[in-house]
Amino acid sequence: RLQMATSSPSGAGEGPKWLKLDGLVESCCQDLAIGEMLTIDSFNLYDAMSALELMDPKMDPPTKDSSRPVDVTALVASGLLPVAGTKTVAGSGDDSGGVKLVDLATARAIGSRLLALEMAWLDGTGLAESTHTCLYLHKPALTGLADLLCPLDPGPTDSPPPPPATAGSATAAAGGQAAKSPQPPPAAGGGSGGSGDLAGLAVAGLCVGLVKGLHLTREAVFAGDIYEDEDFSASSYDLDLLKRGPDEQRVVDALEMLESKLKEAAAAAAATKSG
C-alpha cells in the first residue's frame, strides 16, 4: 500500500497535500504480479462498487450530465427530428417542399446505431439505457413512422356491399381482389420516391421493425421464464413497444415491400452509374 500525506499544513487551512508518485508507481509496476494492484489505505474495492451504485459523480462521470429532458413532441413539430409530414424549421433552407426528410447518410448512421443499441439490450442493458436512447423510438415520432410504414386501413364507407360474384363478372372480381392486395409503403412526405423518400422509409422500417422485435423477444423470454435479472432487463419502463400499433404480419409485409423498393433503387443507381 502507498502511504500519502492527507493532512492539511498547520495553520494554513488548505486542502490535502498531494504528492507526485509517477516514478514510484512506474517502478512498482515492474514488480507487480497478475491480479495485484496499487492502492492507498483509504481505498477498497467494496467502497468503489458502492460508489458506482450510488452514482457518485467522482466514480460515475455520466451523472455529471445536467441536460434537461428532451421533448420529442416539440422536436417532431419543429422538424428537428425529421418524420414524414413534419414541417421544416423556418429559415432552414430546406428544398423538400416544406417537408423535412432524412437523407441517406443519416439513415445509414441511424441504422448502425440502432444495431449497436439492440446488441446492448440483448446483452442485458435496459431498454431505457440502450435502444430507447434513440429519439425515434418515442412517441409521437414512433407513431408517425409506424403510420408511414404501415398506412392505416381505410375506414368503413356508406356504399352498399358488392353483389355476389358470378361467372360473368370475372373481371370485376379480379379487380376487387387486386384492390385488397397489400400496397407498397407510400413515399415519405408524399414525394416522388427520391433518395430522401426511400431514406425516410428506411428509417421507418428500421425503427418499427426493431420495436416489434423487442416486443416479441420480451414475450418469448417471459413465456420461457428462464432468465435472471443480471442477464436480461425485464422492465419496459412504460416505453411504447407498439402493442396497439400495426400487427406483426403487416409490419413484415411492409418491410418486404420496402426491401424490394430499396433493391430496385440500388439497381437503378448502379445502372445509371455504369452507363
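About the thresholds
- Residues numbered from 1 in each chain as written.
- Predicted model: local features only at pLDDT ≥ 70, side-chain atom pairs only at ≥ 80, totals over all residues.
- Heavy atoms only, no water.
- Salt bridge = Lys/Arg side-chain N within 4 Å of Asp/Glu carboxyl O.
- Helix = DSSP H or I, 4+ residues; strand = E, 2+ residues; numbered from the N terminus.
- Buried < 20%, exposed > 50% of the residue type's maximum accessible area, 1.4 Å probe, protein only.
- Patch = residues over 30% accessible without salt bridge, like charges linked within 9 Å, V, L, I, M, F, W, Y side chains within 5 Å.
- Areas by Shrake-Rupley, 256 points an atom, 1.4 Å probe, with all protein chains shown as cover.
- Lys, Arg positive; Asp, Glu negative; His and termini not counted.
- Charge placed at Lys NZ, Arg CZ, Asp CG, Glu CD.
- Phe/Tyr/Trp six-rings, centres within 6.5 Å; stacked < 30°, edge-to-face > 60°.
- pLDDT = per-residue confidence, 0-100.
- Contact = heavy atoms within 4.5 Å.
- Arc of directions from axis to C-beta.
- Core = buried A, V, L, I, M, F, W, Y, C linked by side-chain atoms within 4.5 Å.

Chemist: So, the pattern of salt bridges: which residues are in play, and what are the values?
Modeler: This structure, assessed with the given rule, holds two salt bridges. Between Lys212 and Glu248 there is a salt bridge, with its nearest N and O atoms 3.9 Å apart. On the criterion of sequence distance, the pair formed by Lys212 in helix H7 (residues 195–224) and Glu248 in helix H8 (residues 248–274) is long-range, its members being 36 residues apart. The class of Glu248 is partly exposed, set by a relative accessible area of 30%. With its nearest N and O atoms 3.5 Å apart, the salt bridge here joins Lys263 to Glu259. Remark: Glu259 and Lys263 occur in helix H8; sequence separation between them is four residues, near one turn of the helix. For Lys263, a relative accessible area of 54% puts it in the exposed group.

Chemist: A description of a negative patch on the surface should follow, citing residues and the corresponding values.
Modeler: A surface patch of like charges, here negative, comprises Glu228, Asp229, Glu230 and Asp231. What makes Glu230 exposed here is its relative accessible area of 64%.

Chemist: Could you give an account of a nonpolar patch on the surface, naming the residues involved and the relevant values?
Modeler: A surface patch of nonpolar side chains, about 290 Å² in accessible area, is lined by Met37, Phe43 and Leu45. One can find Leu45 in helix H2 (residues 45–53). According to the relative accessible area criterion, Leu45 is exposed, its value standing at 54%.

Chemist: Outline the packing of aromatic side chains, listing residues and values.
Modeler: This structure, assessed with the given rule, holds two aromatic pairs. Ring geometry for Trp121 versus Phe232: centroids 5.5 Å apart, planes at 65°, classification edge-to-face. Highlighted residues: Trp121 in helix H4 (residues 104–122) and Phe232 in the loop between H7 and H8, separated in sequence by 111 residues. Of the residues examined, Trp121 reaches a relative accessible area of 1% and is grouped as buried. Of the residues examined, Phe232 reaches a relative accessible area of 8% and is grouped as buried. Geometrically, the ring pair formed by Phe222 and Phe232 is edge-to-face, given 6.4 Å between the ring centres and 80° between the ring planes. Here Phe232 lies in the loop between H7 and H8 and Phe222 lies in helix H7, a separation of ten residues in the sequence. Overall, the relative accessible area of 31% leaves Phe222 in the partly exposed class. Here the aromatic residues Trp121, Phe222 and Phe232 are joined through ring pairs into a cluster of three or more.

Chemist: Summarise the confidence of the model for the protein chain; cite the residues concerned and give the values.
Modeler: Overall, the predicted model of the protein chain reaches an average pLDDT of 73, with 65% of residues at or above 70. Per-element confidence in the protein chain ranges from a low mean pLDDT of 40 for helix H6 (residues 170–180) to a high of 91 for H4. Across residues 85–99, confidence stays below pLDDT 50; counting only partners more than four residues off in sequence or on other chains, it has 23 contacts. Contacts for the low-pLDDT stretch residues 165–182, under 50 throughout, to residues beyond four places or in other chains number three contacts.

Chemist: Could you give an account of helix H5 (residues 141–149), with specific residues and numbers?
Modeler: Buried within H5 are the following residues: Ala141, Leu142, Leu145, Ala146, Leu148 and Leu149. Taken down its axis, H5 places every buried residue within 160° of arc, on the same side.

Chemist: Tell me what's going on with the nonpolar core, and back it up with residues and numbers.
Modeler: Counting 40 residues, the largest nonpolar core has Tyr136, Leu137, Leu145 and Val203 as the members making the most contacts within it. Those residues in contact with Leu137 that sit more than four places away from it in its chain are Leu114, Thr131, His132, Leu142, Cys207, Leu210, Val211 and Asp240.

Chemist: I'd like to hear about unusual backbone geometry, residue by residue, with values.
Modeler: Lys139 connects to Pro140 through a cis peptide bond whose omega is 0°. On the secondary structure map, Pro140 appears in the loop between H4 and H5. At Tyr237, a residue that is not glycine, the phi angle is positive and equals roughly 55°. With respect to the element layout, Tyr237 can be found in the loop between H7 and H8. The exposure class assigned to Tyr237 is partly exposed, which follows from its relative accessible area of 41%. Not every positive phi belongs to a glycine, and Leu242 is a case in point at roughly 60°. Assignment of secondary structure puts Leu242 in the loop between H7 and H8. Using a relative accessible area of 5% as the deciding quantity, one classes Leu242 as buried.

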